[in-house]
Amino acid sequence: MKVKIVNHSPFDLPAYATEFSAGMDLRADLQEPLVLASLERAMVPTGLHIELPAGYEAQVRPRSGLAAKHGISIVNSPGTIDADYRGEIKVILVNLSREPFTIAPGERIAQMVVARHERVEWEPAEELGSSERGEGGFGSTGKQ
């Protein structure tokens, strides 16, 4: 699938790292390093604008290495980029660690997955069909 992209950053376009990668890394389009203090969040620009076809979305997700090693995550994970959005992709990063974290210009800060989605048409009903799970909610399918 081809997707139009405008890159206002000096960095390479997002690319798949391996043959079976689902996501492409997004880089911080910064002029100078940005320090995120403990529990601080910031909207980090990428310099990218995309034009997705109807029926598709792009999900912005945390990078597992940043999360595991440094406690860096995304506040609205996954962030959703709709097909009709043409603005710059920005990533809302949060530092969940106790230590400050420095984001360098061009650093890989998130990953983006492009996925097909469906639109639903609600069908009002008086009751729902039964299922094995029924109304079991949080923790209901855990250890037994």
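Residues numbered from 1 in each chain as written. Predicted model: local features only at pLDDT ≥ 70, side-chain atom pairs only at ≥ 80, totals over all residues. Heavy atoms only, no water.

**A word on the pattern of salt bridges**
Going by this rule: Any Lys or Arg side-chain nitrogen located within 4 Å of an Asp or Glu carboxyl oxygen qualifies as a salt bridge. A run of DSSP states H or I qualifies as a helix once it reaches four residues; a run of E qualifies as a strand once it reaches two. Both are numbered from the N-terminal end. Relative accessibility decides the category of a residue: with a 1.4 Å probe and only protein chains considered, values under 20% of the type maximum give buried, values over 50% give exposed, and everything between is partly exposed.
Scanning the model with the defined rule gives two salt bridges in all. A salt bridge links D25 to R63, with the shortest nitrogen-to-oxygen separation between them at 3.2 Å. Taken together, the positions of D25 in strand β2 (residues 24–27) and R63 in the loop between β6 (56–61) and α1 (64–70) put the pair 38 residues apart, joining distant regions of the chain. D25 serves as the salt-bridge partner of R108, at 3.0 Å between the closest nitrogen and oxygen. Of this pair, R108 sits in strand β11 (residues 108–116) while D25 sits in strand β2, and the two are 83 residues apart along the sequence. Look at R108 and you get partly exposed, because its relative accessible area is 35%.

**Focus: the nonpolar core**
Note the threshold: For our purposes a nonpolar core is just a set of buried Ala, Val, Leu, Ile, Met, Phe, Trp, Tyr and Cys residues, chained together by side-chain atoms within 4.5 Å. Contact definition: two residues touch when any of their heavy atoms are within 4.5 Å.
Core analysis: the largest hydrophobic core is formed by 25 residues, its most contacted members being L93 and I103. Among the secondary structure elements, those contributing two or more residues to this core are β2, β4 (41–45), β5 (48–51), β6, β7 (72–74), β9 (90–95), β10 (101–103) and β11. Tallying contributions element by element places β11 first for this core, with three residues. Every residue in contact with I103, bar those within four places of it in the chain, is listed here: A28, L30, P33, L34, L36, V44, L93 and I109.

**Thoughts on unusual backbone geometry**
Note the cis peptide between S77 and P78, where omega equals -10 degrees. The topology assignment puts P78 in the loop between β7 and β8 (79–81). One non-glycine residue, L39, lies in the positive phi region at around 65 degrees. One can find L39 in the loop between β3 (34–36) and β4. With relative accessibility at 62%, the residue L39 sits in the exposed group.

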